[in-house]
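The residues making up each chain are set out below.
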Amino acid sequence: VSKFVFGSVAERVLRKTTRPVLVVPPAVDGGPMRTIGSMEEVLAPIDFHDLAYEDARIADLVARASHARLRLLHVVEGGDASRWTILRQTMAAQLEEQLGGVRSSAMEAAQQALERLAESIGGTPGPTLEVAPGPIADQIAHVADRAEVDLIVLGLRGVPGMLGARVGTVAYRVLCASPVPVLAVPHEARGAHTLAFLGDAPTLRG
């Protein structure tokens, strides 16, 4: 339902664009928005794929231009014990304990990967790093709301084809649920010249 509320025009634009697009989700429309130059925090959800560095670099560029803090977030998708309620209680507890251990290891690995990514983009002070468990899109929206983020910089994975199949379910759910504007950056736009007009931004973050 939220995809229909969000709008078919926005959906088609995001499927076909080869340039960054600033999207104002339904929750933001008509409300106050901070623009580049006055933002306080920029959130970059990071998925560890081949373009993770480019996603972080673009978000860092936007944050620097606004003297804003940069927050790198990786969400480890998990679940809760409720899905095991069809099992006997003792078996459900054992499975949940095992899954909890797997998620814990994944979160530790993600934290280390974020630290290496932060070192690679540099800057003073360094970005805030956060690893969170939960449904990916919901957790991104929750962190944006809790941390009083002004903008989400979201890398869109994939490339447009005959059916325009590029933007995935997670991206749409973020765009629909986000409490702040989202700068959507498609695959083709990641590169040295992305948002080049911000290239003279100061080297310090706020």
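Attention here is on the structure that accompanies the text. (Residues numbered from 1 in each chain as written. Predicted model: local features only at pLDDT ≥ 70, side-chain atom pairs only at ≥ 80, totals over all residues. Heavy atoms only, no water.)

### With respect to the pattern of salt bridges
And then number 1: Enumeration according to the criterion identifies 7 salt bridges in this entry.
And then number 2: A salt bridge links Arg-71 to Glu-130; the nearest nitrogen and oxygen atoms lie 2.7 Å apart. Of this pair, Arg-71 sits in strand β3 (residues 69-76) while Glu-130 is found in strand β4 (residues 128-133), placing the two residues 59 residues apart along the sequence. Taken as a pair, Arg-71 and Glu-130 share a single burial class, namely buried.
And then number 3: Here Asp-138 makes a salt bridge to Arg-173, at a shortest N to O gap of 3.2 Å. In this pair, Asp-138 is assigned in helix α5 (residues 136-146) and Arg-173 in helix α6 (residues 169-177), connecting sequence segments 35 residues apart.
And then number 4: Its relative accessible area of 40% is what places Asp-138 among the partly exposed residues.
And then number 5: A relative accessible area of 38% means that Arg-173 is categorised as partly exposed.
And then number 6: Via salt bridges that share partners, Glu-41, Arg-69, Arg-71, Glu-130 and Arg-146 belong to a single interconnected network. (Salt bridge = Lys/Arg side-chain N within 4 Å of Asp/Glu carboxyl O. Helix = DSSP H or I, 4+ residues; strand = E, 2+ residues; numbered from the N terminus. Buried < 20%, exposed > 50% of the residue type's maximum accessible area, 1.4 Å probe, protein only.)

### Notes on the sheet that holds β3
And then number 1: Taking strand neighbours across the sheet as the criterion, the 6 strands line up as β1-β6-β5-β2-β3-β4 in an open arrangement whose pairing is mixed. Each of the sheet's edge strands pairs with one partner strand only, and the pair in question is β1 (21-23) and β4. When strand polarity is set aside, the average angle formed by the axes of neighbouring strands in this sheet is 25°.
And then number 2: The strands that α5 touches are β2 (41-45), β3, β4 and β5 (151-155); relative to β3, the one it contacts most, it runs at about 150°. (Pairing = 2+ DSSP bridges. Axes fitted to C-alpha atoms, helices over the stretch in contact; angles between N-to-C directions. Contact = heavy atoms within 4.5 Å.)

### Description of the side chain of Asp-150
And then number 1: Checked against the element boundaries, Asp-150 lands in the loop between α5 and β5.
And then number 2: Side-chain polar atoms of Asp-150 contact the backbone nitrogen of Glu-40, separated by 2.5 Å.
And then number 3: Those residues in contact with Asp-150 that sit more than four places away from it in its chain are Arg-34, Met-39, Glu-40, Glu-41, Val-180 and Pro-181. (Polar contact = N/O pair within 3.5 Å; in protein donor to acceptor, adjacent residues only side chain to side chain.)

### A closer look at unusual backbone geometry
And then number 1: Non-glycine residue His-67 carries a positive phi angle of around 55°.
And then number 2: Locating His-67 in the fold gives a position in the loop between α3 (52-65) and β3.

### What to know about the environment of Arg-71
And then number 1: The exposure class of Arg-71 is buried, given its relative accessible area of 12%.
And then number 2: For the pair Arg-71 and Ala-56, spaced 15 residues apart in sequence, the C-alpha separation works out to 9.5 Å.
And then number 3: The residues touching Arg-71, leaving out its near neighbours within four places in the chain, are Glu-41, Val-42, Leu-43, Ala-44, Thr-128, Glu-130, Val-143, Arg-146 and Ala-147.

### Describing the environment of His-67
And then number 1: For His-67, a relative accessible area of 44% translates into the label partly exposed.
And then number 2: Put simply, His-67 and Glu-41 are 26 residues apart on the chain and 8.7 Å apart in space, counted from C-alpha to C-alpha.

### Some points on the side chain of Asp-55
And then number 1: Within the secondary structure layout, Asp-55 lies in helix α3.
And then number 2: Judged by relative accessible area, which is 7%, Asp-55 ranks as buried.
And then number 3: Among residues more than four places away in sequence, those in contact with Asp-55 are Ile-46, His-49, Gly-155 and Arg-190.

### Some points on the pairing of β5
And then number 1: Here β5 lies mainly inside the structure; 4 of its 5 residues are buried.
And then number 2: Sheet topology places β2 next to β5; 2 bridges connect them, and they run parallel. Counterpart to Leu-43 in the pairing with β5 is Ile-152.
And then number 3: In this sheet, strand β6 (residues 182-185) lies alongside β5 in parallel orientation, the contact comprising 4 bridges. From the neighbouring strand, Gly-155 faces β6, where its bridge partner is Val-185.

### Examining the nonpolar core
And then number 1: Ranked by size, the top nonpolar core spans 28 residues in total, and within it Val-42, Ile-46, Val-62, Leu-70, Leu-72 and Val-153 carry the most contacts.
And then number 2: Counting residues per element, the ones that place at least two in this core are β2, α3, β3, α4 (89-121), β5 and β6.
And then number 3: Per-element accounting of this core gives the leading share, 8 residues, to α3.
And then number 4: Counting residues in hydrophobic clusters, the runner-up holds 23 residues, among them Leu-73, Ala-132, Ile-152 and Ala-171. (Core = buried A, V, L, I, M, F, W, Y, C linked by side-chain atoms within 4.5 Å.)

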